[in-house]
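# Descriptive structure summary
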Amino acid sequence: MKPFGVLGGLSLALLLVTGTSLLLGRYDLAPSQGLHALLLPLGLGGTVDPALSTLISEVRLPRVAGALLIGAALAISGTAFQALFMNPLVSPGVLGVLSGAAFGAALALLAGGAWWLVQTAAFLCGLLAVALALWLGRRGGENALTLLVLGGMISGALFTAFLSVVKYVADPYNTLPAIVYWLMGSLALIDATALAWSAPLMGAGILLLAVQGHALNVMSLGDDEARALGLNVKRQRLFIILLATLLGAMTVVLAGMIGWVGLVIPHIARLLFGADNRLLLPASALLGALYLVLVDDVARLALTVEIPLGILTALIGLPVFAWALRNVHRGWRG
Amino acid sequence: MNAPPLIEAQQLSAGHHGHAVFRDLSLRLHAGEIVALLGPNGCGKTTLIRTLAGLHAPQAGEIRLAGEPLARLDERERARRIGYVPQYHRTAFAYPVLDMVLMGRLAGRGLMARPSRADREAALDALATVGAEKLADRPYTELSGGQRQLVLIARALAQDAPCLILDEPANNLDYGNQRRLLERIRALASARHAILMSTHHPEHAAQAATRAILMKEGRLLADGPSREVLTRTAIALLYDLPEPQTDLRGVA
């Protein structure tokens, strides 16, 4: 398959699905209405009900854009980590970022903090957990990658234990449900202000990570060879870990814990598009975006009450994953 | 020769965790030479090779490449001076051979640039030099051991570095492939390159190298033209064999 064909096709599909998703909801809109409503804030809209415009630009657009960004971020972060560690079991949480962020958010909820405090705490504790993992796994030598994964396991387990403590002491009638609901993950949590500052950051992170394919290809040959070919492996690895970590932390900040996207989508992308990271990274970002926008449509529309997204990504993602597992070795041998 | 040696190690010591595998070792490699490094398992060959290739930091002493201290070069600058050929290996991913060889052009063009036409030509030239031009479109994972080793040598050649360091290039190959590979290595001799290869087999040194270095327990036993160094007495001493050593008759 030609790389540009793959990426072009995925982009087109994403555009169509995103556009359609904006029209779907409790009040379905016609495509023309949707277009006018989107253009109205820019001063270009024709005749459209301002309420519709508000619905689109302040309710649906943040949500769909959030789904798109979070799906892309989780998928590309997972793909980058899998390529970096050369391990198919690895997901964005491998270095503890998700556990750290979950603890941070729960702690802020326990303290009765404002929403921005919850987000900040989630972000900072996510970074803290990864810093701990890097510190624990710092002296690897030839086993640098194995040691890093072990460092991540320890850090993740530690922050999960901290999270349990927070849950244990939380008020079971008020705070605990808030924490549990938050941990299930939902795009309903996304607000336009949070999205406004995080979207450019995440977009930049996704783009930067998408062009690390060549470096990851060279690094897949092993540290010695990559260094002999002129790559500063340590610096490059740290840079990629940093990008993938930031993206992972941002998804938790925006929508809580959305599981499985970062494990399932990289595998399916590898199965569909092969192991060349130069294509795989951008393709998995697009596929992840597509997937999460679609799953969020199901979460919003399937029942009259919204289904928590984290549950759906597991319920839909895992059977697909189980099916793909039969062929998973193919993607790893290329 | 007025030009400084392409590789010069002075009073070099290296090892792991404070323990020295070799100490105070000095050697020079000049352009035009193909040098074989021989020695029993555990003698320090691999550590020496990795240290000279800049992959392992020495504990003491200095390495100079054409007069420049190796320690002052960053990865890219080093890769433009030394091509390192590891033992052939399995890779996780089935890169086409041409892509594999193009990775040798990384140091020249940087990580983000797409390979230029010149890069492609250099890669194809390098493949032709080792006689593997027909493999360009094959997946690397489907090649035989001998073919893989040729591709890795081509990648180092595409790197366009004056020093080539090969880690037991003929290891794990069958007899015919060993002979063919060594022929190719001998044909690489040029006024521009200095080639250092480690090997387990005195016959390989005799076949491909102009000069042989015998290493035992972290010290150099002998260093000189292959024909003079590779005597039965020296080989017996090197590998702790009883003399006379008859296996080498007609080869060394």
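Within each chain, residues carry numbers counting from 1 in the order of the written sequence. Whichever chain is written first becomes A and whichever ligand is written first becomes 1, with later ones labelled in order. Only residues with pLDDT of at least 70 are given local features in this predicted model, and only at 80 or more are side-chain atom pairs given and counted; all residues enter the totals for whole chains, interfaces and linings. Hydrogens and water molecules were not included; the side-chain quantities draw on all heavy atoms of the structure.

### Regarding the pattern of salt bridges
Salt bridges are defined by distance alone: a side-chain nitrogen of Lys or Arg within 4 Å of a carboxyl oxygen of Asp or Glu. Considering all chains together, one arrives at 18 salt bridges over all chains under this definition. The partner of Glu183(B) in a salt bridge is Arg186(B), and the shortest N-O contact between them spans 3.6 Å. Separated by three residues within a single helix, Glu183(B) and Arg186(B) lie in helix H7 (residues 175-187), roughly one turn from each other. Among the charged side chains, a salt-bridge network with shared partners connects Arg63(A), Asp296(A), Asp297(A), Arg300(A) and Glu306(A). Where helices and strands are cited, they refer to DSSP runs of H or I of at least four residues and of E of at least two residues respectively, numbered from the N terminus.

### Quick look at the pairing of strand S10 (residues 219-225) of chain B
Residue and element names in this part refer to chain B. Strands pair, by our definition, only if DSSP identifies at least two bridges between them. With six bridges joining them, strand S9 (residues 211-216) and S10 adopt antiparallel strand pairing. Paired with isoleucine 213 across the strands is aspartate 223, a residue of S10. In this structure, the hairpin formed by S9 and S10 is closed by a connection of two residues, where glutamate 217 is found at a positive phi of approximately 45 degrees.

### Thoughts on empty space enclosed by the protein
Every definition here rests on a 1 Å grid over the protein atoms only: cavities are sets of points where a 1.4 Å probe fits but cannot get out, pockets are open sets enclosed by protein on both sides within 12 Å along at least five of seven lines, and lining residues have some atom within 4 Å of a point. Grid points are joined across faces, edges and corners, and a volume is the space filled by probe spheres set on the points. In total, this model carries two cavities of 30 Å³ or more according to the counting rule given. With three residues, the top contributor of residues to the lining of the largest cavity is strand S8 (residues 194-199) of chain B. In terms of residue class, the lining of the largest cavity is made up of four nonpolar, six polar and one charged. By volume, the second largest cavity is sized at about 30 Å³. In this structure, the second largest cavity is lined by Ala83(A), Leu84(A), Met86(A), Leu216(A), Met219(A), Ser220(A) and Arg237(A). Elements represented by at least two residues in the lining of the second largest cavity include exactly helix H3 (50-85) and helix H9 (213-219) of chain A. Polarity classes work like this: nonpolar for Ala, Val, Leu, Ile, Met, Phe, Trp, Tyr, Cys and Pro, charged for Asp, Glu, Lys and Arg, and polar for all others, with Gly in that last group. Here the residues of the lining of the second largest cavity sort into five nonpolar, one polar and one charged.

### Some thoughts on unusual backbone geometry
Unlike most non-glycine residues, Met86(A) shows phi in positive territory, near 50 degrees. Inspection of the secondary structure assignment puts Met86(A) in the loop between H3 and helix H4 (97-110). On the basis of relative accessibility, which here comes to 30%, the residue Met86(A) falls in the partly exposed class. Non-glycine residue Glu168(B) carries a positive phi angle of around 40 degrees. Examined against the element boundaries, Glu168(B) turns out to sit in the loop between strand S7 (163-166) and H7. Buried, partly exposed and exposed residues are distinguished by accessible area as a fraction of the type maximum, computed with a 1.4 Å probe on protein chains only: under 20%, between the cut-offs, and over 50%, respectively.

### Examining the confidence of the model for chain B
Any segment with low pLDDT has predicted coordinates that should not be analysed in fine detail. A score between 0 and 100, pLDDT records how confident the predictor is in each residue. Here chain B shows a mean pLDDT of 88. Residues at 70 or above account for 95%. Of all the helices and strands in chain B, helix H4 (residues 106-109) of chain B carries the lowest mean pLDDT, 84, while strand S3 (residues 34-38) of chain B carries the highest, 95.

### Quick word on the interface of chain B and chain A
Contacts are residue-level and defined by heavy atoms, with any inter-residue pair within 4.5 Å sufficient. Each side of the interface is counted separately: chain B has 29 residues, and chain A has 24 residues. In this description, buried area is defined as the sum, over both parts, of the accessible area (probe of 1.4 Å) that is lost when the two are combined. Across the chain B/chain A interface, buried area totals approximately 2300 Å², and carbon plus sulfur atoms make up 58% of it. Along the contact surface separating chain B from chain A lie three salt bridges. A salt bridge links Arg155(B) to Glu225(A); the nearest nitrogen and oxygen atoms lie 2.5 Å apart. The term polar contact refers here to a pair of N or O atoms within 3.5 Å; inside protein, the definition further demands a hydrogen-donor-capable atom paired with an acceptor-capable atom, and it admits residues adjacent in sequence only when both atoms are side-chain atoms. Counting across the chain B and chain A interface gives eight residue pairs in polar contact (both at pLDDT 80 or more). When contributions to the side of chain B that touches chain A are tallied by element, the ones reaching two or more residues are helix H2 (75-79), strand S6 (82-85), helix H3 (97-102), H4 and helix H6 (145-158) of chain B.

### Side note on the packing of aromatic side chains
Residue and element names in this part refer to chain A. Each Phe, Tyr or Trp ring (for Trp, its six-membered ring) is paired with any other whose centre lies within 6.5 Å, and the angle between the two planes then decides the class: stacked below 30 degrees, edge-to-face above 60, tilted in between. Applying the stated criterion across every chain, the model contains four aromatic pairs over all chains. Their ring planes at 80 degrees and their centres at 5.5 Å tell us that phenylalanine 159 and phenylalanine 162 sit as a pair that is edge-to-face. Of this pair, phenylalanine 159 and phenylalanine 162 both sit in helix H6 (residues 144-169), three residues apart, which is roughly one turn of that helix. Given the relative accessible area of 5%, phenylalanine 159 is considered buried. Through successive ring pairs, a cluster of aromatic residues spans Phe103, Phe159 and Phe162.

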